[in-house]
Amino acid sequence: MTAKFPKESLTIMNELVLPNDTNTLNNLMGGRLLHWMDIAAAISAQKHCNRIVVTASVDNVSFKHAIKLGDVVTIEAKITRAFTTSVEVRLDVWAQNIPSGTLVKSNEAYYTFVALDNEGTKVEVPELKPETADETELYNGALRRRQLRLVLGGKMKADDATELKALFFGGANNSIK
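Scoring rules and cut-offs
- Residues numbered from 1 in each chain as written.
- Predicted model: local features only at pLDDT ≥ 70, side-chain atom pairs only at ≥ 80, totals over all residues.
- Heavy atoms only, no water.
- Phe/Tyr/Trp six-rings, centres within 6.5 Å; stacked < 30°, edge-to-face > 60°.
- Buried < 20%, exposed > 50% of the residue type's maximum accessible area, 1.4 Å probe, protein only.
- Lys NZ or Arg CZ within 6 Å of the ring centre and 35° of its normal.
- Pairing = 2+ DSSP bridges.
- Helix = DSSP H or I, 4+ residues; strand = E, 2+ residues; numbered from the N terminus.
- Axes fitted to C-alpha atoms, helices over the stretch in contact; angles between N-to-C directions.
- Contact = heavy atoms within 4.5 Å.
- Core = buried A, V, L, I, M, F, W, Y, C linked by side-chain atoms within 4.5 Å.
- Lys, Arg positive; Asp, Glu negative; His and termini not counted.
- Salt bridge = Lys/Arg side-chain N within 4 Å of Asp/Glu carboxyl O.

A look at the packing of aromatic side chains
The way to describe two aromatic rings as a pair is by their centre distance and the angle between their planes.
And step 1. Counted by the stated rule, this structure contains 1 aromatic pair.
And step 2. Taken together, a centroid distance of 6.4 Å and an interplanar angle of 15° make the contact between Tyr111 and Phe113 stacked.
And step 3. Residue Tyr111 is classed as buried on the basis of its relative accessible area, which comes to 2%.
And step 4. When the ring centre of Phe5 is taken as reference, the NZ or CZ atom of Lys7 above it lies at 5.9 Å.
And step 5. Taking the ring centre of Tyr110 as reference, the NZ or CZ of Arg145 above it sits at 4.0 Å.

What follows is the structure, given as structure tokens:
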């Protein structure tokens, strides 16, 4: 299986915030934004895997800036790391008010997808090769984020999360107490 570069998975999606997308304060509903983010992230993951993918997890999504009626939402999604059968996708969300010319970063998040064959069985995904310093930093951090997801989801014991232990305790041989 041929390795791929993060730029090959880059997906940029734009949406116009219309009245049906807003709450009573004329702000974009969080659920609608999460839906758009899931679509952009899935497209990015599919580009990397050349497979059907399903959402496995969504990390904490913080709403840093309200997105208003009439704003243009730009969602940028790109693979940060490939594991055996899954990929992590980073998303950055921007809100632009075209008439005023303002552009603000509203959200960022990490989504994880699992690649499947036509029968719904997990399949291996191509390796990811970061090219830039930023891509390498995201790549290296992905293992810690993955271990945190697995520990919080009850799929890994905290003592087995060596990358997290190294981050918090300065060495992989310390146990979490």
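Some details on the sheet that holds strand β4 (residues 86–97)
And step 1. Strand order in the open sheet formed by 5 strands is β1-β3-β4-β5-β2, with antiparallel pairing between adjacent strands. The sheet terminates laterally at β1 (11–16) and β2 (52–58), the two strands that pair on one side only. Within the sheet, the average angular offset between the axes of one strand and its neighbour, ignoring direction, is 30°.
And step 2. Sheet topology note: the β4/strand β5 (residues 102–116) ladder contains 12 bridges and is antiparallel. If you follow Trp94 over to β5, its bridge partner there is Lys105.
And step 3. Sitting on the sheet, helix α1 (residues 30–49) touches β1, β2, β3 (72–82), β4 and β5, and the angle it makes with β3 is about 40°.

A word on the nonpolar core
And step 1. Membership of the largest hydrophobic core comes to 32 residues, with the highest contact counts inside it found for Leu33, Met37, Val73, Ile75, Val87 and Phe113.
And step 2. Only α1, β3, β4 and β5 provide two or more residues apiece to this core.
And step 3. Per element, the largest residue contribution to this core is 8 residues, and it comes from α1.
And step 4. Apart from residues lying up to four places away in sequence, Met37 is in contact with Val61, Ile75, Leu91, Val93, Ala109 and Tyr111.

Considerations on the side chain of Asp117
And step 1. In this fold, Asp117 is placed in the loop between β5 and α2 (133–152).
And step 2. There is no salt bridge for the buried Asp117, and the closest opposite charge comes from Arg51, which lies 5.8 Å off by N-O distance.
And step 3. In this view, Asp117 contacts Arg51 and Val123; residues no more than four positions away in its chain are not counted.

Focus: the environment of Ala42
And step 1. Mapped onto the secondary structure, Ala42 falls in helix α1.
And step 2. If we skip the residues at most four places from it in the chain, Ala42 touches Val53 and Phe113.

Quick look at the environment of Thr84
And step 1. Along the chain, Thr84 turns up in the loop between β3 and β4.
And step 2. Taking C-alpha positions, Thr84 is 6.2 Å from Val125, a pair spaced 41 residues apart along the chain.
And step 3. Setting aside chain neighbours within four positions, we find Thr84 in contact with Val123, Glu124 and Val125.

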